[in-house]
Amino acid sequence: ADRKEPSDDALTHALLHLEPIQVDEKFIQTVLGKPRFETSDSLLSETQRSAIPGAAAGLAWTSVGGDVLMVECCIVGVGKSADFSGPYGGFGKPVLPKGDVVNVQLSGAYSASASSPNGGNGGKGGGFASGGGGGVPALMLTGQLGDVIRESCQIAYSWIFSHLDMLLPTPLHNASSDEERSIRSFLSNDGRRLHIHLPSGSVPKDGPSAGVTVTSAIASLLTGRPCRTDTAMTGEITLRGVVLPVGGIKEKVLAAHRYGIRRLILPKRNYEVDFMEEVPAEVQEDLTVVAVTRVDEVLEAALDGGIPTPENARM
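The model shown is predicted, which means the values in this text are computed figures rather than measured ones. (Residues numbered from 1 in each chain as written. Predicted model: local features only at pLDDT ≥ 70, side-chain atom pairs only at ≥ 80, totals over all residues. Heavy atoms only, no water.)

## A closer look at the overall build of the protein
Of regular secondary structure, the protein possesses 11 helices and 9 strands. Taken as a whole, the protein presents about 16,300 Å² of accessible surface, with 52% of it coming from carbon and sulfur. (Helix = DSSP H or I, 4+ residues; strand = E, 2+ residues; numbered from the N terminus. Areas by Shrake-Rupley, 256 points an atom, 1.4 Å probe, with all protein chains shown as cover.)

## Section: the confidence of the model for the protein
Interpretation of this model should avoid reading the predicted coordinates in detail wherever pLDDT is low. Counting all residues, the mean pLDDT for the protein is 74, and 62% of those residues have values of 70 or more. The low-confidence segment residues 78-135, where pLDDT is below 50, has 146 contacts with residues more than four positions distant or belonging to other chains. Every residue in residues 171-182 is under pLDDT 50, and counting partners more than four places away or in other chains gives 20 contacts. (pLDDT = per-residue confidence, 0-100. Contact = heavy atoms within 4.5 Å.)

## Regarding helix α8 (residues 249-258)
For an α-helix, the turn length of 3.6 residues means that residues three or four places apart are oriented alike. For α8, every residue scored as buried is listed here: Ile-249, Lys-252, Val-253, Ala-255, Ala-256 and His-257. Elements that come into contact with the buried residues of α8 comprise β1 (55-62), β2 (65-76), β8 (263-267), α9 (268-278) and α10 (281-286). Looking at the residues trailing α8, positive phi occurs at Gly-260, about 90 degrees. (Buried < 20%, exposed > 50% of the residue type's maximum accessible area, 1.4 Å probe, protein only.)

## Remarks on the packing of aromatic side chains
A full pass over the atoms with the stated rule returns 2 aromatic pairs. If you follow Arg-258 out to its NZ or CZ, it ends over the ring of Tyr-259, 5.2 Å from the centre. (Phe/Tyr/Trp six-rings, centres within 6.5 Å; stacked < 30°, edge-to-face > 60°. Lys NZ or Arg CZ within 6 Å of the ring centre and 35° of its normal.)

## Comments concerning the packing of helix α7 (residues 211-223) against helix α11 (residues 295-302)
Across the interface, α7 lies against α11 with an axial gap of 10 Å and an inter-helix angle of 60 degrees. Compared by their axis directions, α7 and α11 come out oblique. Relative to α11, α7 is oriented so that their crossing is right-handed. Packed against α7, whose contacting residues are Val-212, Thr-215, Ser-216 and Ala-219, the element α11 presents Val-295, Val-298, Leu-299 and Ala-302 at the interface. Across the contact of α7 with α11, the residue classes tally to 6 nonpolar, 2 polar and no charged. (Axes fitted to C-alpha atoms, helices over the stretch in contact; angles between N-to-C directions. Parallel < 35°, antiparallel > 145°, perpendicular 65-115°, else oblique. Left-handed = near helix turned anticlockwise from the far one by under 90°. Nonpolar A, V, L, I, M, F, W, Y, C, P; charged D, E, K, R; others polar.)

## A word on the pattern of salt bridges
Tallied over the full model, the rule gives 2 salt bridges. As a salt-bridge pair, Asp-230 and Arg-228 come within 2.8 Å of each other at their nearest N and O atoms. Overall, Asp-230 belongs to the partly exposed group, its relative accessible area being 30%. Measuring nitrogen to oxygen at the nearest pair gives 3.8 Å for the salt bridge that ties Arg-294 to Asp-296. Accessibility expressed as a relative area gives 36% for Arg-294, which makes it partly exposed. (Salt bridge = Lys/Arg side-chain N within 4 Å of Asp/Glu carboxyl O.)

## Observations regarding the packing of helix α4 (residues 147-161) against α7
Contact pair α4 / α7: the axes reach a minimum separation of 9 Å and the direction vectors enclose 40 degrees. As judged from the angle between their axes, α4 and α7 are oblique. The handedness of the crossing between α4 and α7 is right-handed. Contacts between α4 and α7 involve Ser-152, Cys-153, Ala-156, Tyr-157, Trp-159 and Ile-160 from the first element and Gly-211, Val-214, Thr-215, Ile-218, Ala-219 and Leu-222 from the second. Residues belonging to the contact of α4 with α7 are distributed by class as follows: 9 nonpolar, 3 polar and no charged.

Written out as structure tokens, the structure is:
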């Protein structure tokens, strides 16, 4: 028998009586299944929710736009107990449980050795000299970093060490001499190491614009003051503490805005030219920008409570 086509009235009746479908996050997850991979924005929000010393949010340019990357750092002991009994950062609240022994080996192309032919700098962009030969603790760098970003980390490290009196004022909120000696013990190369890591280790990273972020992360760890969780930053630094302009500002700013960050630290030149001329006006209205020319301005804006002073230092 020939199939009888439904009448227009019948089709209209059927369509009018269909159950509506609400397309929301739950529906999409039902259809497509759970996400297979964690996205960078979820990693960022998870990190930001835990405002602890030693982490800072930086801005990066990629071939497909901008991104927000975290910089993390911690202090690890070498062949001895990690004693963080001082009043700041990992010293006030131990990064490692007291009594744990953490053995860290620097090997291969990036090994740190006081007898290194590169004067204790450990070959291809590696750590500073360790074991009493270099005058500063060894520096470990991980996260698939290129040569330029490794040099930025070393510049940040050197700037921090040359401005300890500013970051760790004396007296440190009535800190005991034992606590102060504990901090100075690490800083005078007693065998501990500073480890700097940029997550998403499978993604290669390079460029000079992480300088202000790395500096802020180290300063945050040593002062015990978290970086502000509403803030991200970008900028190259010099050994003299000058903040230089960098590229990709439009993409970086749009990435920060996309991730819900509403406060940025940018080199002054980038703010006056790239931000004001290239970033859409509706995005500019949502953001607060701190334009900087020097590293101390960066730290004053990045650290929660600003740079410590004898009057406002806290345990």
